[in-house]
Amino acid sequence: MSHFRLIPLVRGIHAAPMADSLAVISAQPTPAANGKDWVSRRRIRGRDRPCRIVRNVRLPPIRRAEQIMAMPAMQRLWSAREVRDLIEKNAFATPRYELVNGELLVTPSPNALHQDAAYLLLRALNDYFKIVPIAHGYTAPLDVDLEPELVVQPDVLVVPMREFERLRREKLPVRELLIAAEILSASSGRFDRVTKREPYQRHVSEYWIVDLDARLFERWLPNDTRPEILARELIWHPSGASEAFRLDLVHYFAECLGE
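Residues numbered from 1 in each chain as written. Predicted model: local features only at pLDDT ≥ 70, side-chain atom pairs only at ≥ 80, totals over all residues. Heavy atoms only, no water.

Peer 1: So what's going on with the pattern of salt bridges? Which residues, and what values?
Peer 2: Counted according to the given criterion, the structure contains 19 salt bridges. With its nearest N and O atoms 2.5 Å apart, the salt bridge here joins E176 to R162. One end of the pair, E176, is in the loop between α3 (161-169) and β14 (179-183); the other, R162, is in helix α3, and 14 residues separate them in sequence. In this structure, the salt-bridge partner of E233 is R246, at a minimum N-O distance of 3.6 Å. On the criterion of sequence distance, the pair formed by E233 in strand β18 (residues 233-236) and R246 in strand β19 (residues 245-248) is long-range, its members being 13 residues apart. One network of salt bridges, in which partners are shared, links E98, E182, D192 and K196. (Salt bridge = Lys/Arg side-chain N within 4 Å of Asp/Glu carboxyl O. Helix = DSSP H or I, 4+ residues; strand = E, 2+ residues; numbered from the N terminus.)

Below is the structure:
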């Protein structure tokens, strides 16, 4: 995975690749040729490269949305025990810590749109389960351990009734899912569509990716290599259910977006 650090220049923003360790900036900057800016040098992968430090440069605004950050730490592999320790020591619901293939994923607080999308999906599912009591839905943060070295927290998840009853008696984490759903954000596409999808497909019968920008659901089943794209209606008929769950996606996305 490539990582980039933005360096402000006089005529724009240039992205320079980061080294596996922190870049070293010279402690003695020198004036640039224009006499206004300052130039220092840093060492990246064995080469000295100049970088310019300028005053009064307008930076682009920070997008206030849920952003997943990977923590490669010089290719360090994290263990489930370390990640659970992070979760246990964190007294708040955010950031959210997850572990997939040894990679630590850290997710800050979601924005209001993201929360609305998760809440409305959960409400629709639990309204259905009041009529067809075969399962129960939750939203993150809720630890899910489907494999020994896998720790995930889907935005919306559905557990069968036997797991729901076990969770009431015993301590977390969740060990069995019927549905895992992730609300797509600007930075989570690779993680939701690739990194998390593969373990979800191994253990969950339905994996849904909610794309608010495109107003569609991506529906992944265990053996799928491509998702089913749904823009009008989502129909899910779980085993043993007397009737199917139906979600009007046009109405769902309009309500999410306040239309």
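Peer 1: Tell me about helix α1 (residues 80-89), and name the residues and values.
Peer 2: Listed in full, the buried residues belonging to α1 are A80, V83 and I87. Around the axis of α1, the buried residues are gathered within 65° of arc, so they sit on the same side. The exposed set on the far side of α1, more than 90 degrees from its buried face, consists of R81, E88 and K89. Buried residues belonging to α1 abut β8 (96-100), β9 (103-107) and β12 (150-152). (Buried < 20%, exposed > 50% of the residue type's maximum accessible area, 1.4 Å probe, protein only. Arc of directions from axis to C-beta. Contact = heavy atoms within 4.5 Å.)

Peer 1: Please give an account of the layout of surface pockets that cites residues and values.
Peer 2: For the second largest pocket, the calculated volume is near 430 Å³. The wall of the second largest pocket is formed by 19 residues, among which R84, I87, E88, D143 and L172 lie closest to the centre. Every element with two or more residues in the lining of the second largest pocket is listed here: α1 and β8. Residue contributions to the lining of the second largest pocket peak at three residues, all from α1. The residue makeup of the lining of the second largest pocket, split by class, is 11 nonpolar, two polar and six charged. (1 Å grid on protein atoms, 1.4 Å probe; cavity = no way out; pocket = protein on both sides within 12 Å on 5 of 7 lines; lining within 4 Å. Points joined across faces, edges and corners; volume = space filled by probe spheres on them. Nonpolar A, V, L, I, M, F, W, Y, C, P; charged D, E, K, R; others polar.)

Peer 1: Report on the packing of helix α2 (residues 112-131) against helix α6 (residues 249-256), specifying residues and quantitative values.
Peer 2: For the pair α2 and α6, the least separation of the axes is 9 Å and the interaxial angle reads 140°. Classified by the angle their axes make, α2 and α6 are oblique. Relative to α6, α2 is oriented so that their crossing is right-handed. Contact residues: α2 offers L113, D116, A117, L120, L121 and R123, while α6 offers Y252, E255 and C256. (Axes fitted to C-alpha atoms, helices over the stretch in contact; angles between N-to-C directions. Parallel < 35°, antiparallel > 145°, perpendicular 65-115°, else oblique. Left-handed = near helix turned anticlockwise from the far one by under 90°.)

Peer 1: Could you give me a rundown of unusual backbone geometry, with the residues and numbers involved?
Peer 2: Geometrically, the link from A140 to P141 is a cis peptide bond, its omega value of 5° lying close to zero. Mapping P141 onto the fold places it in the loop between β10 (135-139) and β11 (144-147). In this model, N101 sits at a positive phi of 55°, which is unusual for a non-glycine residue. Along the chain, the position of N101 falls in the loop between β8 and β9. Positive phi values are uncommon outside glycine, yet R215 reaches one of about 55°. Positionally, R215 belongs in the loop between β15 (206-211) and β16 (216-220).

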